[in-house]
Amino acid sequence: QVQLVESGGGLVQAGGSLRLSCAASGRTFSSYTMGWFRQAPGKEREYISYISRSDGTYYANSVKGRFTISRDNAKNTVYLQMNKLKPGATAVYYCAATRGLGTPRPRDHSYWGQGTQVTVSS
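Cut-offs and rules
- Residues numbered from 1 in each chain as written.
- Predicted model: local features only at pLDDT ≥ 70, side-chain atom pairs only at ≥ 80, totals over all residues.
- Heavy atoms only, no water.
- Helix = DSSP H or I, 4+ residues; strand = E, 2+ residues; numbered from the N terminus.
- Polar contact = N/O pair within 3.5 Å; in protein donor to acceptor, adjacent residues only side chain to side chain.
- Contact = heavy atoms within 4.5 Å.
- Core = buried A, V, L, I, M, F, W, Y, C linked by side-chain atoms within 4.5 Å.
- Buried < 20%, exposed > 50% of the residue type's maximum accessible area, 1.4 Å probe, protein only.
- Salt bridge = Lys/Arg side-chain N within 4 Å of Asp/Glu carboxyl O.
- Disulfide = S-S within 2.5 Å.
- Pairing = 2+ DSSP bridges.
- Axes fitted to C-alpha atoms, helices over the stretch in contact; angles between N-to-C directions.

(A) Fine view of the side chain of His109. Residue placement: His109 occurs in the loop between strand S9 (91-98) and strand S10 (111-112). From its side chain, His109 meets the backbone oxygen of Arg105 in a polar contact 3.0 Å long. In this view, His109 contacts Phe37, Ala96, Ala97, Thr98 and Thr103; residues no more than four positions away in its chain are not counted.

Written out as structure tokens, the structure reads:
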């Protein structure tokens, strides 16, 4: 089992940058595929990116070229660097973990953090 805690959200102007962090408990962090999702009010949870156990990275088309996911297994932490943020990126951002292969489907992830709010002003 793993517990996840996100941090790094906040208010940023359009075009700005933020780096989100997700710290995981437990000694088996490296055995999980880690993903980032976001959910805006009134909308479904949306896949952003995931990073596999072997550090393969995958991105939704909407963030490709602007967002970068990375992990530090020594620190049990996964990061999401977000550049050139758009007002439509305003949402609660969640990290999630799965022991399976990377997947954009929220229901395939067993563990979730509590989320961190990102607000992008125009």
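Having seen the structure, we can now continue with the description.
(B) Layout of the nonpolar core. With 34 residues, the main nonpolar core has Met34, Trp36, Leu80, Met82 and Tyr93 as its most contacted residues. It is S9 that provides the largest number of residues to this core, a total of five residues. Not counting chain neighbours up to four residues away, the residues in contact with Met34 comprise Leu4, Cys22, Phe29, Ser49, Tyr50, Ile51, Ile69, Arg71, Val78, Ala96 and Ala97.

(C) Examining the pattern of salt bridges more closely. The full count for this structure, using the stated rule, is two salt bridges. For Asp108, the salt bridge goes to Arg105, with nearest N and O atoms at 2.7 Å.

(D) View of the state of the cysteines. Tallied over the entire structure, the rule returns one disulfide. The disulfide partner of Cys22 is Cys95, and the S-S distance across this bridge is 1.9 Å. Between Cys22 and Cys95, the disulfide has an S-S torsion of 45° and is therefore right-handed. With Cys22 in strand S3 (residues 18-24) and Cys95 in strand S9, this pair connects stretches of sequence that are 73 residues apart. Looking at Cys22, the relative accessible area reads 0%, which means it is buried. Looking at Cys95, the relative accessible area reads 0%, which means it is buried.

(E) Molecular detail of the sheet that holds strand S7 (residues 67-72). The antiparallel open sheet is built from four strands, whose spatial order is S1-S3-S8-S7. Every other strand in the sheet has two partners, leaving strand S1 (4-7) and S7 as the edge strands with one partner each. If you compare each strand with its neighbour and ignore which way they point, the axes differ by 15° on average. With six bridges joining them, S7 and strand S8 (residues 77-82) adopt antiparallel strand pairing. Bridge pairing in S8 places Phe67 opposite Met82.

(F) How the structure looks around unusual backbone geometry. The residue Asp55 is not glycine, and still its phi comes out positive at about 70°. Structurally, Asp55 can be placed in the loop between strand S5 (46-51) and strand S6 (57-59). The backbone phi angle of Asn76 is positive, close to 55°, even though this residue is not glycine. Looking at where Asn76 falls in the secondary structure, it is placed in the loop between S7 and S8. We classify Asn76 as buried; its relative accessible area is 17%.

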